[in-house]
Amino acid sequence: MLKIKDLNVSYGQHQVLEKIGLSAVKGEFIGIIGPNGSGKTTLLKTITNVLKPTSGTIMIDGTNIEKMKSNEIAKNVAVVSQVVSINFEFTVKDIVLMGRNPYIKSSESVEDINIANDMMKKTNIHFLKKRLITRLSGGELQRVIIARALTQTPKILLLDEPTSHLDITNQIEILNLVKKASTKGMVVIAVMHDLNLAAYYCNKICLLRDGCLISTGTPRQVLTPSNIEVAFNLPIEVMHNNRTNSLYVMPILEPLNEI
Amino acid sequence: MAKFGKSIIFVLGLLLIIAIITNTAIGSTNISPLITAKILLARYFFIEPTWTSSQEVIITNIRLPRVLLGGFVGAALSTAGCAMQGLLKNPMADPYIIGMSSGAALGASIAFMLLLPVQVTSFVMAVITIFIVYNISIIGGKVPIDTLLLAGIAVGSFLASITSLIIFLAQSPHQIIFWLMGGLWTANWDKVKITAILVTIGIVMLYRYSWKLNVMLLGEEEAQYLGVNVEHVKQYVLVFSALITAAAVSVSGIIGFVGLIIPHIMRILVGPDHRILFPASTLAGAIFLILTDTFARTIMDSVELPVGVVTAMFGAPFFIYLLRKRRDNLYA
């Protein structure tokens, strides 16, 4: 579905991504991890064609995205950004309906409204429908943004640290939502900082450092002490959680009195 | 909200019709609104005349074109202001913000000095100014909003300084100064027709992009993710805002405040959705300028005030009242 080949991206002189190759098939949940400044967000932006690569190609179902119009891309790829702030008093319903923008010519059809309603129900925000977007909590707002992205009915959903500013309950609820979308065939690519959540939710993890992909594979293959040490410069311990049957990563911390 | 919005539009439309009739009736020669309405309708239907021919001339040849011109100019400035505020996401934005008024003013000054047709010259200069500002602001195929604003201010200041120089050197600078204050003194049917055509085209074209402007309010990057061709929208909205602003300024001079405040008041009233905000601003701008112009031409017996003076004198205190009443963020 998604094929990225030999991708190079630079801001002026400074090369941010180097020779990135990545492919994704239907239903995959891919986590992108790496330290700050390693190029994670840049990679997402390049997949939406908001940033143009210096070389390399990104293909969606065999079509190069550079050849696609912006609304064609938006039909295929939806984005949930890191921090969203909307200062205008739109209702939740208005904002979610904006997800239909790539399909709407002049005004929204009954089908557009049905899809928006459906997604609001799936993300548990239907009761907020008439609420103003400026009056929502962080967790509610993020759910609205996800509902809007799903309303685009994309093949690929990109998330940039979708839960980093949310409490633990909201983190799990939102990731469950996203996971559900991926099991129904959507490709999900999420930039994540919480390695444990990444290990739990992702089928595949990509580890970036200084713009290079240093490891790709299952959580078990990527989240090894040596990989993490190289990328984050931090010693970790990897454990197995029997209950969830996934990995559990702990940084090895010095006793406090030795800092 | 949508229902509320539609009823607001309906009420504003009704008010506009009432404003046109009553304000055509008001003036130094007393003609009742009923007679006025009859005279106006007699243009299209057969009505037994109960009025004198001089009354008819005053209504149809003097007052009506002036009221209509005021309506079109007000509608244009308010709609363009609304578009610019939405596009630039800047509460300070008005139709003049990227230097158009300075361009038009310089055009008018040159026209007065060289005895060229004022309307055409100021229109052309306003359009040229926007063209220059836009092209200065292009960086790597994109037009960053901040650059556009700053380029507009820089070009505007430069042109304003030339206008000042012309005023300083002119034999009789009064004409130019009066023009700069903004007024509808020179209204006639020719001006109404040209303005009506340009303004109607521009406004209809802007309405077509209501939805895209809504999405743009989420931020340029978000809008791009939602499939909006951001640079295209900027270009489109700028072109048609510039068209209607230039059309308005070239017949009325620089009338301030309408394009800044009316869209704000309407946003407070109907919310940020351009599908309702646009028509509300158009209608309210027209009503506001018709009322203030009537005030300007009738308040003193012997002279007419420039309407540009009156708009701010009345609009500003009212707007300050709204600002204080609503303690939230103005632009939310």
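Remember, predicted model here, so these are calculated numbers, not experimental data.

Engineer: I'm lost on the overall build of chain A in this one. Help?
Structural biologist: The number of helices and strands found in chain A is nine helices and 12 strands. Since a compact globule built from 259 residues should have a radius of gyration of about 18 Å, the 19 Å found for chain A is in line with a globular shape. Dimensions of chain A, computed from the C-alpha atoms along their principal axes, are close to 60 × 40 × 30 Å. Residues counted as buried form 52% of the 259 residues belonging to chain A. Residue pairs in contact within chain A that sit at least 24 positions apart in sequence constitute 64% of those at least 6 positions apart. Accessible surface, chain A: about 12,200 Å² in total, of which carbon and sulfur atoms supply 50%. Once the 29 positive and 23 negative side-chain charges of chain A are each reduced to a mean point, those two points are 9 Å apart.

Engineer: Help me understand the sheet that holds strand β1 (residues 2-11) of chain A in this model?
Structural biologist: Backbone-to-backbone hydrogen bonds pair the strands of a sheet. The strands run either parallel or antiparallel. Taken together, four strands build an open sheet; the order of strands is β2-β1-β4-β5 (chain A) and the sheet is antiparallel. One side of each edge strand has no neighbouring strand; the edge strands of this open sheet are β2 (14-24) and β5 (63-64) of chain A.

Engineer: Can you walk me through the interface of chain B and chain A in this structure?
Structural biologist: Interface size is often expressed as the accessible area that is lost when the parts come together. With 22 residues of chain B at the interface, the matching set in chain A holds 26 residues. Interface of chain B and chain A: buried area, both sides summed, is about 2,200 Å²; carbon and sulfur atoms make up 59% of it. The largest share of the area that chain B buries against chain A comes from W211, Y225 and L226 of chain B, three residues that together contribute 33% of it. If you look at where chain B meets chain A, you find three salt bridges. Residue E108 of chain A pairs with R275 of chain B through a salt bridge whose shortest N-O separation is 3.1 Å. For the pair chain B and chain A, the number of links is seven residue pairs in polar contact (both at pLDDT 80 or more). Elements that contribute at least two residues to the side of chain B that touches chain A include exactly α9 (210-216) and α10 (220-225) of chain B.

Engineer: I tried to follow the side chain of Q142 of chain A on my own but got confused; where do I start?
Structural biologist: With respect to the element layout, Q142 of chain A can be found in helix α5 (residues 138-151). Those residues in contact with Q142 of chain A, other than ones at most four positions away along the chain, are V80, S81, Q82, P162, H165, L166 and I174 of chain A.

Engineer: Please explain the layout of surface pockets as it appears in this structure.
Structural biologist: The rolling of a water-molecule-sized probe over the atoms marks out the regions of remaining empty space. When its volume is computed, the largest pocket comes out at roughly 1,000 Å³. Around the largest pocket, the lining comprises 43 residues; the ones closest to its centre are S70 of chain A together with G227, V228, N229 and V230 of chain B. Counting residues per element, the ones that place at least two in the lining of the largest pocket are α2 (70-76) and β6 (77-80) of chain A together with α8 (189-208), α9, α10 and α11 (230-252) of chain B. Considering each element in turn, the lining of the largest pocket owes the most residues, six residues, to α2 of chain A. Tallied by class, the residues present in the lining of the largest pocket amount to 17 nonpolar, 12 polar and 14 charged.

Engineer: Can you help me understand the nonpolar core in this one?
Structural biologist: Looking at soluble globular proteins, one finds that nonpolar side chains tend to be buried together. Counting residues in hydrophobic clusters, the biggest one holds 162 residues, and the most contacted among them are F29 and L157 of chain A together with V73 and W179 of chain B. The element that contributes the greatest number of residues to this core is helix α3 (residues 53-88) of chain B, accounting for 15 residues. Judged by nonpolar contacts, the second largest core, of 29 residues, contains L22, I58 and V77 of chain A together with Y225 of chain B.

Engineer: Mind showing me how you'd approach the environment of C202 of chain A here?
Structural biologist: The residue C202 of chain A is located in the loop between α7 (195-201) and β9 (204-209) in this model. When the C-alpha positions of C202 of chain A and T63 of chain A are compared, they lie 26 Å apart, and in sequence the two are 139 residues distant.

Engineer: For this particular structure, what's the right way to read helix α1 (residues 40-47) of chain A?
Structural biologist: Two residues of an α-helix separated by three or four positions point the same way, owing to the 3.6 residues in each turn. Within α1 of chain A, six of the eight residues are buried, leaving the element largely enclosed by the surrounding structure. Positioned one or two residues after α1 of chain A, N49 of chain A has a phi angle of 70°, which is positive.

Engineer: Explain the packing of α3 of chain B against α11 of chain B to me, please; I cannot follow it from the model alone.
Structural biologist: Packed helices, taken two at a time, are described by their axes: the angle between them and the distance between them. Residues and elements named next belong to chain B. Their axes nearest at 9 Å, the elements α3 and α11 cross at an angle of 150°. Between α3 and α11, the interaxial angle falls into the category roughly antiparallel. Judged by the sense of rotation from one axis to the other, the crossing of α3 with α11 is left-handed. Touching L69, V73, A76, L77, T79, A80, A83, M84 and L87 of α3 are V233, K234, V237, L238, S241, I244, T245, A248, V251 and S252, all from α11. Per-class residue counts for the contact of α3 with α11 are 14 nonpolar, four polar and one charged.

Rules of the game
- Residues numbered from 1 in each chain as written.
- Chains lettered and ligands numbered in written order.
- Predicted model: local features only at pLDDT ≥ 70, side-chain atom pairs only at ≥ 80, totals over all residues.
- Heavy atoms only, no water.
- Helix = DSSP H or I, 4+ residues; strand = E, 2+ residues; numbered from the N terminus.
- Rg over C-alpha atoms; globule rule 2.2 N^0.38 Å.
- Buried < 20%, exposed > 50% of the residue type's maximum accessible area, 1.4 Å probe, protein only.
- Contact = heavy atoms within 4.5 Å.
- Areas by Shrake-Rupley, 256 points an atom, 1.4 Å probe, with all protein chains shown as cover.
- Lys, Arg positive; Asp, Glu negative; His and termini not counted.
- Charge placed at Lys NZ, Arg CZ, Asp CG, Glu CD.
- Pairing = 2+ DSSP bridges.
- Buried area = accessible area lost by both parts, 1.4 Å probe.
- Salt bridge = Lys/Arg side-chain N within 4 Å of Asp/Glu carboxyl O.
- Polar contact = N/O pair within 3.5 Å; in protein donor to acceptor, adjacent residues only side chain to side chain.
- 1 Å grid on protein atoms, 1.4 Å probe; cavity = no way out; pocket = protein on both sides within 12 Å on 5 of 7 lines; lining within 4 Å.
- Points joined across faces, edges and corners; volume = space filled by probe spheres on them.
- Nonpolar A, V, L, I, M, F, W, Y, C, P; charged D, E, K, R; others polar.
- Core = buried A, V, L, I, M, F, W, Y, C linked by side-chain atoms within 4.5 Å.
- Axes fitted to C-alpha atoms, helices over the stretch in contact; angles between N-to-C directions.
- Parallel < 35°, antiparallel > 145°, perpendicular 65-115°, else oblique.
- Left-handed = near helix turned anticlockwise from the far one by under 90°.

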